[in-house]
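# Structure at a glance
So the chains spell out like this:
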Amino acid sequence: MAAIQELLKQVSDPALRARLTEEIGRLTQNKKFGLVFEEHMPECTPLYGIGIKRGGTVARKTGKINDTYTVIRVSGDTALCRNKQSGEAEEIAVSELVAVAEFGDPIFPCLQPIDRVENAPDSDLWHTLIEADNYHALQLLEYLYAGKVDCIYIDPPYNTGAKDWKYNNDYVDGSDSYRHSKWLSMMKKRLALAKRLLNPADSVLIVTIDEKEYLHLGCLLEEMFPEARMQMVSSVINPNGSSRKDMFSRSDEYIYYLFFGKAYVCYGNNDMLHPVEEKQTRWTGLIRTGANGKRIARPNLFYPIFFSEETGKFVSVGESLPLEKLRNEIVIPDGCFAVFPISREGGESTWGVQPSTFLDKYEKGYIKFGPWKKGSCYRSVSNLQEGMIKSFERGEIETNGKNEDGTWNLGITNKPITAMTTWVQDSHNAGVYGSSLLKTIFHDIRFSFPKSVYAEVDTLRFSVKDKPNALILDFFAGSGTTLHAVNLLNAEDGGHRRCIMVTNNEVSAEEAKALSAKGYHPGDEEWEKLGIARYVTWPRTVCSIEGHDVNGNPLKGNYIGSDRPMADGFAANCEYFKLGFLDRDMVSLGRQFQEILPLLWMKSGAVGRRPEIDDEEPVMLVLPENRFAVLVEEAAYAAFAREVRQYDSIDTVYFVTNSESAYHEMAADLGIQSSYQLYRDYIDNFVIGARRDRT
C-alpha cells in the first residue's frame, strides 16, 4: 500500500486520482481481520564514510533518506544523479549526498572505535555499545554470534502516536494511517534477524510493550516463533497511573517472555519471590494408594524389601513378583525379614518406584525408614518425591547432614513462592528508579520514559540467574538500562555475563528542527554529539561503571536491596563502537585488516582488552590474552603454527587466503576449535545474508 500511495501522488489528473483513491480504499476495507500488514520494503540507511561513486545509491543529506538516486557519473565536486521514483536526472553537489543502503542490499560493516571505559583492568570481560541502525547491526551480529545469544531483551518504541520513533528516517506520528503497519514491518525485519542469533537449544527472548501494540506484537511473536513457549507478564511501572482521556488510567506495561529449547524461569534468590513459604519437609509413604496402586494393576512394582532381623537396617531389595507367585514363596536372605507393600486393610498394593529406582534413591539418601522394634516384621518406608528432591538440590531445604542409615536429616523447607504473571513491586517504579536515577547522573536529563533499573534486573534475573556467563543483547538500548542492570546482576552474584547494546544516535524532533535551522545535517559533529548514543547511552554507561555523574562528582545513595553505594561503580569494562561500512572491493583486495580487527575480537568472544595495530599490516597476530590469532601472510604459516601451539588459550584462528584448499589444509593441521577464512567468510556472509533477507 505504501508504494501504491506514492504512485497515486504522481497521477496528475485530479479526477482520476480521486477515483483510484476511492477504489483502493474500498479494496482495503474488504481485508479479513488478522495479522495482515504492509511490508513497507523500502527501508534505507545512510552509509556515512562510503564514497560517492558511479552506480551507487545515494540520497540528499537534507532530504528524505528513502528518496533515493542512482549516480550516473561523478565529475569533480558534482554528481549527475537519476531519481529512482521520478526518473529525472539532476546535478547535485557531492558534499550534499550520502551513500545509502536499501533494504536487502549487501553491506560490509565494520566497527569504528569511539571510546572505552575500563574499570576492571584485570578482568577479561568486556561489554559493548554499538551506535548504529539496529537492522544493520543485527546483520553484523549474525556474522559474529549466530545461535550463541542466551538472552535478548528489547524495549522497542511503543508506537503511541507521539513522535517518539523513526521509520525510514521520518518520524511516525498519530496522523499516519499506516503507523501500525510500519511498526509491524519494522519489528518483523529485526525479529527475523534476532531469531538467528538466539541459541535454539536454550535461550529467552523478552519484549516489553504497552496497550497500543501488545495484541499485534503477540500475534507477530506467535507467528514468527511457533517453537517457543510464550507467556505475558503485566508489570506495574507507574503506581500513580498515566491518564487516558475518558478511559482508565494506565499503570502497567506488558512483558512477553519466549522460552526456547530447555530454557526455563530461574528462581533461586530473587527479591520478587519473598516471603518464602516455610513448612516441614514432607516425606511421602512409598506404598501407592487408589485403584492404580493395587498389585494386579502394576505387578512389576510388587517386590520385597529386606531388612536385618538383628538391627532392622536395610539390606537389599528383591525382584518383582509375577501375579501367580505368592509372597511366602520367595527366598528370604539369611537373617533378614521381608516387607511388602501391604495396605492398611491388608490388601496387596505396590511400591511407588521400581527396584532400580528405589536403590538409586536410597544411595542418594532420598529413602527413609520408620521406627522398628526388634522382633517385628513390619517397617514403614517413605521417600522424597521429585518436587522435594529439586527443592533440596536447589538448597531450599535445611539439612543437618545424613543419619546413620544414610538418609538425609532434613528440616524446614524454605521454598520460594512461584512468581506470578502480575508484578507489583515498588522498585519497578519508572519515575523513581528510572527518570530520577538518571537525574543523579545527568541532572538535566531529557530522555523520555527510561525503565527502572531494578525492574530490568528482575526481568533478566528470571532468564539468566542460572547462567553466570550468559551473552545478553539489547538492540533497542535507549538510555542504556540493560547494561546497567547486567552489571548490577553480576555484582549481586559474582557473574560474568556479557552485554551488547545497540542504539541509534537520533536526536529529538525539536532538536532536529533547531539543528537544521542552523545549517547542520546528520553526520555533522554538532548534530551527532546531541544524539541518544553519545549524549545519553554512553555517558550513563561510563558514569554507572565509574560511580560518578557527568561532572565527575561521586554518585549519591545506594542501590536498593543490596546497600551497594552507587559511588562504588562496577568492576566492568565496555567498548563503544560506531557501525561503519567498508567498500567491498577494498575488502576483497585484503586492504581493510585494521578496520576488520575489532570484528575479529568480538567474534572471538570479546575477551580481554581490544587489540590495536598501527597502519602497517602485520604478517601475523597471535593474541593469547584475547584467545585468537590471525595469519595475514599465508607464506608465514609454519612460523605462525609454531607460535599458536605455544598457547592453550587460543581457540579461534583466522586465515587470510584466497585459496579454499589452502585454508582447509592449514585449519586441519592446526586443529583449533574454531577457524575462519578471510575475507571470503566475511564477504559471503553479507552477500548471502542480503539475498536471504530479500526473500
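Structure first, text after, so check above.
Presented here is an overview of the structure given in this document. (Residues numbered from 1 in each chain as written. Predicted model: local features only at pLDDT ≥ 70, side-chain atom pairs only at ≥ 80, totals over all residues. Heavy atoms only, no water.)

## Examining the overall build of the chain
Along its length, the chain carries 18 helices and 33 strands. Classification of the 695 residues of the chain by burial places 48% in the buried group. Of the roughly 33,700 Å² that the chain leaves accessible, carbon and sulfur atoms contribute 49%. (Helix = DSSP H or I, 4+ residues; strand = E, 2+ residues; numbered from the N terminus. Buried < 20%, exposed > 50% of the residue type's maximum accessible area, 1.4 Å probe, protein only. Areas by Shrake-Rupley, 256 points an atom, 1.4 Å probe, with all protein chains shown as cover.)

## Quick word on the sheet that holds strand S33 (residues 674-678)
Read from one edge to the other, the open sheet built from 4 strands follows the order S30-S31-S32-S33, with strand pairing classed as mixed. Either end of the sheet is taken by a strand with one partner, and the two such strands are strand S30 (620-623) and S33. Strand-to-strand, the axes of this sheet are offset by a mean angle of 15°, without reference to chain direction. Where S30 meets strand S31 (residues 628-631), 4 bridges bridge the pair, whose relative direction is antiparallel. Following the sheet pairing, Val-622 is matched in S31 by Ala-629. The strands that helix H16 (residues 637-644) touches are S30, S31 and strand S32 (652-656); relative to S30, the one it contacts most, it runs at about 5°. (Pairing = 2+ DSSP bridges. Axes fitted to C-alpha atoms, helices over the stretch in contact; angles between N-to-C directions. Contact = heavy atoms within 4.5 Å.)

## Here's the deal with the packing of helix H3 (residues 134-145) against helix H15 (residues 593-603)
Close contact between H3 and H15 brings their axes to 9 Å; oriented N to C, the two are set at 55°. Compared by their axis directions, H3 and H15 come out oblique. Read as a crossing pair, H3 and H15 show a hand that is right-handed. The residues of H15 that touch H3, namely those facing Leu-140, Tyr-143, Leu-144 and Tyr-145, are Leu-599, Met-602 and Lys-603. Here the contact of H3 with H15 is built from residues that sort into 6 nonpolar, no polar and 1 charged. (Parallel < 35°, antiparallel > 145°, perpendicular 65-115°, else oblique. Left-handed = near helix turned anticlockwise from the far one by under 90°. Nonpolar A, V, L, I, M, F, W, Y, C, P; charged D, E, K, R; others polar.)

## Observations concerning the side chain of Thr-57
For Thr-57, the position within the fold is in strand S2 (residues 57-60). Looking at Thr-57, its side chain comes within polar contact range of the side chain of Lys-84, at 3.0 Å. Ignoring any residue separated from it by four or fewer positions in sequence, one finds Thr-57 in contact with Thr-68, Tyr-69, Lys-84, Val-98, Ala-99, Val-100 and Glu-102. (Polar contact = N/O pair within 3.5 Å; in protein donor to acceptor, adjacent residues only side chain to side chain.)

## Quick word on the packing of helix H10 (residues 481-493) against helix H13 (residues 532-546)
Across the interface, H10 lies against H13 with an axial gap of 9 Å and an inter-helix angle of 15°. The angle between H10 and H13 falls in the class roughly parallel. Once H10 is placed against H13, the crossing between them reads as right-handed. Packed against H10, whose contacting residues are Thr-481, Leu-483, His-484 and Asn-487, the element H13 presents Arg-540, Thr-541, Ser-544 and Ile-545 at the interface.

## Some words on the nonpolar core
By size, the foremost hydrophobic cluster in this structure holds 86 residues, and its most contacted members are Leu-141, Tyr-145, Ile-152, Leu-205, Leu-473 and Tyr-682. Sequence-distant contacts of Ile-152, defined by excluding residues within four places in its chain, comprise Ala-194, Leu-197, Leu-198, Val-204, Leu-205, Ile-206, Leu-473 and Phe-475. Formed by 45 residues, the second largest nonpolar core is a distinct cluster that contains Cys-151, Tyr-153, Val-486 and Met-501. (Core = buried A, V, L, I, M, F, W, Y, C linked by side-chain atoms within 4.5 Å.)

## Looking at the environment of Ser-391
Within the fold, Ser-391 resides in helix H7 (residues 386-393). Taking C-alpha positions, Ser-391 is 9.8 Å from Thr-281, a pair spaced 110 residues apart along the chain.

## A look at H3
In terms of burial, H3 is largely enclosed, as 12 of its 12 residues are buried. Put simply, Asp-133 is the residue that caps the front of H3, since its side-chain oxygen is 3.0 Å from the backbone nitrogen of Tyr-135. Phi for Gly-147, located one or two positions after H3, is positive at around 70°.

## Some words on the sheet that holds strand S17 (residues 305-308)
Read from one edge of the open sheet, 3 strands run S18-S17-S19, paired in antiparallel fashion. Single-partner strands in this sheet number two, and they are strand S18 (314-317) and strand S19 (336-339). Within the sheet, the average angular offset between the axes of one strand and its neighbour, ignoring direction, is 30°. With 4 bridges connecting them, S17 and S19 associate as antiparallel partners. Paired with Ile-305 across the strands is Val-339, a residue of S19. Taken strand by strand, helix H6 (residues 355-363) contacts S17 and S18, and its axis lies near 150° from that of S18.

## With respect to unusual backbone geometry
Note on backbone geometry: most residues besides glycine have negative phi, and most peptide bonds are trans. The linkage connecting Leu-678 with the following residue, Tyr-679, adopts the cis geometry, with an omega of 0°. In this structure, Tyr-679 sits in the loop between S33 and helix H18 (680-694). A positive phi angle, close to 60°, is found at Asp-246, a residue other than glycine.

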